Amino acid sequence: MNLNLEYYKIFYHVATEHSITGAAKKLSISQPAVSQAVKQLEQKLGIELFTRRAKGVSLTRAGTLLYSYVGNGYETILAGEKQLAKMMNLEYGEVRVGASDTTLQFCLLPYLEAFHQRYPEIKVAVHNTPTLQTIDHLNQGRIDLGVVTKPANIDSHLKVYKLGEIQDVFVAGEKFREWQGKKLDYSDLARMPLICLEGDTSTRAYVDSCLAKKNVTITPEYELATNEMIVQFAKRNLGVGCVVEEVARELLDNGELFRLEFKKPIPPREVCLVMNSQSHLSVAASVLKELLLEDC
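Just so it is clear, the model here is predicted, and its values are computed rather than measured.

### Topic: the packing of helix H5 (residues 101-118) against helix H10 (residues 283-293)
Right, so step 1: Axis separation between H5 and H10 bottoms out at 10 Å; the angle between their running directions is 130°. By the criterion of interaxial angle, the relationship of H5 to H10 is oblique. Judged by the twist between their axes, the crossing of H5 over H10 is right-handed. When H5 is examined against H10, the residues Leu 108, Tyr 111, Leu 112, Ala 114, Phe 115 and Arg 118 are found in contact with a partner set consisting of Ala 284, Val 287, Leu 288, Leu 291 and Leu 292.
Right, so step 2: By residue class, the composition of the contact of H5 with H10 is 10 nonpolar, no polar and 1 charged.

See below:
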């Protein structure tokens, strides 16, 4: 049986209002239109749904049975519409973001803080993963947005927006002051105990590739998981650390560490926002994207 769903909508409101007139006001349609819809529904179903009284209507046993199903269904639709409206008004929803330790701390985190202050009801799920894994998560639809560093193998269907730059530097503490203020060649690194990130990170791969172009291969004495740990090792004079400059900013500014100067510095890396052009962004994800691109 193929019935117009509008009939059931009108049936629901007549049942809840106990009145043809009340349902007409609720739906902003004429009273005759409501009466006609109820009549058509009863004719199609072949049974009376309402008992007409002097003051309004009441459900028959058949009407009560039908209402037990229609009521649940229609209220579920209304609840869905309400949640959808909340999502459109950024009162409900979720954004999934992927970022490495470095891009999260020195690029993404301030924006996440601002986003949370503006839209506290939106859940932000952060996947703290290296660049290559972030790109993989984008391709698999596990995240909405990724913040990564270039160079990276970014597939052609991914949209890329430049957010800024970061600079890789070598830093050292008091034990290595003899190198301070000198213009060094990268071959001089062979005489220093080095502290670097582990070999499976995009940062380490980038530094290694830059040094390889100068025919320099490094063998670190320590390979650590984070820039922060490298800074702590360098502070304790355990070697010369290769880090993102901003991570060591405080210790560089107060003189506990100094930056080694080379005749040609390592070129800065781009920090980029990446999204999958084949996926549709949610309202919340679109707003976060625009926030990230505001200053670009």
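### Let's talk about the environment of Ala 23
Right, so step 1: Position of Ala 23 among the secondary structure elements: in helix H2 (residues 20-27).
Right, so step 2: Exposure remark for Ala 23: the relative accessible area of 0% places this residue in the buried category.
Right, so step 3: For the pair formed by Ala 23 and Ala 225, sequence separation is 202 residues and the distance between their alpha carbons is 66 Å.
Right, so step 4: Excluding anything up to four places from it in sequence, Ala 23 contacts His 13, Val 14, Glu 17 and Val 34.

### Brief notes about the nonpolar core
Right, so step 1: Of all hydrophobic cores here, the largest spans 40 residues; its most connected members are Val 95, Leu 108, Val 147, Val 171, Leu 257 and Leu 288.
Right, so step 2: If one sorts the elements of this core by residue count, H10 sits on top with 6 residues.
Right, so step 3: Setting aside its immediate chain neighbours within four residues, Leu 257 contacts Val 171, Ala 172, Gly 173, Val 231, Ala 234, Lys 235, Ala 248, Leu 251 and Leu 252.
Right, so step 4: Ranked by size, the runner-up nonpolar core spans 22 residues in total, among them Leu 211, Ile 218, Phe 262 and Ile 266.

### Quick look at the packing of aromatic side chains
Centre-to-centre distance and the angle between the planes together describe a pair of aromatic rings.
Right, so step 1: Inspection of the entire model under this criterion finds 7 aromatic pairs.
Right, so step 2: One aromatic cluster is present, built from ring pairs that chain together Tyr 12, Tyr 67 and Tyr 74.
Right, so step 3: In this structure, Lys 182 is placed above the aromatic ring of Trp 179, and the distance from its NZ or CZ to the ring centre is 5.8 Å.

### Details of the packing of helix H1 (residues 5-17) against H2
Right, so step 1: Contact pair H1 / H2: the axes reach a minimum separation of 8 Å and the direction vectors enclose 125°. Overall, the two elements H1 and H2 adopt an arrangement that is oblique. When you trace H1 past H2, the crossing you get is right-handed. Within the contact between the two elements, H1 uses Lys 9, Ile 10, His 13, Val 14 and Glu 17 and H2 uses Ile 20, Gly 22, Ala 23, Lys 26 and Leu 27.
Right, so step 2: Tallied by class, residues from the contact of H1 with H2 come to 5 nonpolar, 2 polar and 3 charged.

### Quick word on the sheet that holds strand E7 (residues 168-172)
Right, so step 1: Read from one edge of the open sheet, 5 strands run E10-E9-E11-E7-E12, paired in mixed fashion. Since the sheet does not close on itself, it has two edges, and those belong to strand E10 (222-224) and strand E12 (258-259), each with one partner.
Right, so step 2: Pairing between strand E9 (residues 194-197) and strand E11 (residues 240-244): 2 bridges, direction parallel. Its bridge partner lying in E11, Ile 195 is registered against Gly 241.
Right, so step 3: Relative to the sheet, helix H7 (residues 202-212) contacts E7, E9, E10 and E11, its axis offset from that of E7 by approximately 90°.

### Brief notes about the environment of Val 247
Right, so step 1: Looking at where Val 247 falls in the secondary structure, it is placed in the loop between E11 and helix H9 (249-253).
Right, so step 2: For the pair Val 247 and Asp 188, spaced 59 residues apart in sequence, the C-alpha to C-alpha distance is 23 Å.
Right, so step 3: Non-local contacts of Val 247, meaning those with residues more than four positions away in its chain, are made with Phe 106, Asn 227, Glu 228 and Val 231.

### Observations regarding the sheet that holds strand E6 (residues 158-166)
Right, so step 1: If you walk across this open sheet you meet the 5 strands as E4-E3-E5-E14-E6, and the pairing is mixed. Here the strands that pair on one side only, and so sit at the sheet edges, are strand E4 (123-128) and E6. With strand direction ignored, the average angle separating the axes of adjacent strands in the sheet is 20°.
Right, so step 2: With 8 bridges connecting them, E6 and strand E14 (residues 269-276) associate as antiparallel partners. Along E14, the bridge assignment pairs Tyr 161 with Leu 273.

### As for the state of the cysteines
Should the sulfur atoms of two cysteines be covalently bonded, the bond is a disulfide.
Right, so step 1: Inspection of the entire model under this criterion finds 0 disulfides.
Right, so step 2: Among the cysteines around Cys 210, which has no disulfide bond, Cys 242 carries the closest sulfur, lying 9.6 Å off.
Right, so step 3: With no disulfide partner, Cys 272 has as its closest neighbouring cysteine sulfur the one in Cys 107, 9.4 Å distant.
Right, so step 4: The class for Cys 272 is buried, based on a relative accessible area of 0%.

Calculation notes
Starting from 1, residues in each chain are numbered consecutively following that chain's sequence as written. Only residues with pLDDT of at least 70 are given local features in this predicted model, and only at 80 or more are side-chain atom pairs given and counted; all residues enter the totals for whole chains, interfaces and linings. As a convention, hydrogens and water are excluded, and side-chain values are obtained from all of the structure's heavy atoms. For every element, the axis is a line fit to its C-alpha atoms; helices are fit only across the contacting stretch, and the angle between N-to-C directions ranges from 0 to 180 degrees. The way it works is that DSSP assigns letters per residue, a run of H or I at least four long becomes a helix, a run of E at least two long becomes a strand, and they are numbered from the N terminus. Between 65 and 115 degrees an angle is taken as roughly perpendicular, under 35 as roughly parallel, over 145 as roughly antiparallel, and anywhere else as oblique. Crossings are sorted by hand: turned counterclockwise from the far helix by less than a right angle, the near helix makes the crossing left-handed, and turned clockwise it makes it right-handed. When checking whether two residues touch, look at their non-hydrogen atoms; a contact exists if any pair is within 4.5 Å. Residues were grouped as follows: Ala, Val, Leu, Ile, Met, Phe, Trp, Tyr, Cys and Pro as nonpolar; Asp, Glu, Lys and Arg as charged; and all remaining residues, including Gly, as polar. The cut-offs for exposure are 20% and 50% of the maximum accessible area for each residue type, with area from a 1.4 Å probe on protein chains only; residues under the lower value are buried, those over the upper are exposed, and the others partly exposed. We define the nonpolar core as a collection of buried residues of types Ala, Val, Leu, Ile, Met, Phe, Trp, Tyr and Cys that are connected through side-chain atoms lying within 4.5 Å of one another. Note on aromatic contacts: the rings of Phe and Tyr and the six-membered ring of Trp form a pair at centre separations within 6.5 Å, being stacked when their planes are under 30 degrees apart, edge-to-face when over 60 apart, and tilted otherwise. A ring has a charge above it when a Lys NZ or an Arg CZ is no more than 6 Å from the ring centre and no more than 35 degrees off the ring normal. If DSSP finds at least two bridges between two strands, the strands pair. Pairs of cysteine sulfur atoms within 2.5 Å are identified as disulfides in what follows.

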